[in-house]
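Coordinate inspection notes
Okay, here's what each chain looks like letter by letter:
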Amino acid sequence: MDENSKKQVSLLTNFVITIVALIGVVILGLLYYMNNPDEWNTPDKIPLEEGSEKNEKVKDTVLANSSLAELFGFVDDVGMVEVTQNCTQCHSGKLVTQNRLNKEGWRATIKWMQETQNLWDLGKNEELIVAYLAKNYGPESKGRRQNLTNVEWYELE
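Here's a quick rundown of the structure. This structure is a prediction, so every number in the text was calculated from the model and none was measured.

Here is what the cut-offs are and how they apply
- Residues numbered from 1 in each chain as written.
- Predicted model: local features only at pLDDT ≥ 70, side-chain atom pairs only at ≥ 80, totals over all residues.
- Heavy atoms only, no water.
- Phe/Tyr/Trp six-rings, centres within 6.5 Å; stacked < 30°, edge-to-face > 60°.
- Helix = DSSP H or I, 4+ residues; strand = E, 2+ residues; numbered from the N terminus.
- Buried < 20%, exposed > 50% of the residue type's maximum accessible area, 1.4 Å probe, protein only.

Next up on the list: the packing of aromatic side chains. On inspection of all chains with the given rule, the structure shows 3 aromatic pairs. Between Phe 74 and Tyr 137 the ring centres are 6.5 Å apart and the planes differ by 65°, which places this aromatic pair in the edge-to-face class. Taken together, the positions of Phe 74 in the loop between helix H3 (68-72) and helix H4 (80-87) and Tyr 137 in the segment after helix H7 (125-136) put the pair 63 residues apart, joining distant regions of the chain. In this structure, Phe 74 and Tyr 137 share a single accessibility class: buried. Grouped by ring-pair contacts, the aromatic residues Phe 72, Phe 74, Tyr 132 and Tyr 137 constitute a single cluster.

So, about unusual backbone geometry. Of note, Asn 118 is a non-glycine position whose phi angle comes to about 65°, a positive value. Relative accessible area serves as the criterion here: at 71%, Asn 118 is assigned to the exposed category. For Asn 150, which is not a glycine, the phi torsion comes out positive at approximately 50°. Along the chain, Asn 150 falls in the segment after H7.

Take a look at the structure:
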């Protein structure tokens, strides 16, 4: 066998070993998932409606496995799970936390998202979400930056 053929066989062998290893990792992951389904509960799998025993168990599992407050940057308070579940489906938590609105402002934002961005009906969770957002991300006496003062304005030509 010449040198070129040996290189081709070696490359093919390495390729086959890599593929087999990747398939093995995928199979092991699937087996692990099938034997430990509770560890894979994420905020997007939490049911929307409050009150069911199963819902509370799932929330407890999620909160035990990873802190939503740390994961999404939200204040840990009543309503955080619902905000995480509904708001972070379409955008990051930072988009929420950078805003400072009162209850009316948050309601108007939700209505705008429902009318223009295909946000679903939040049902009875809407009041909980608005209350959480207004309490934890309400207006502050100081905005993102102070108004500019002592600036000499000029017309652009």
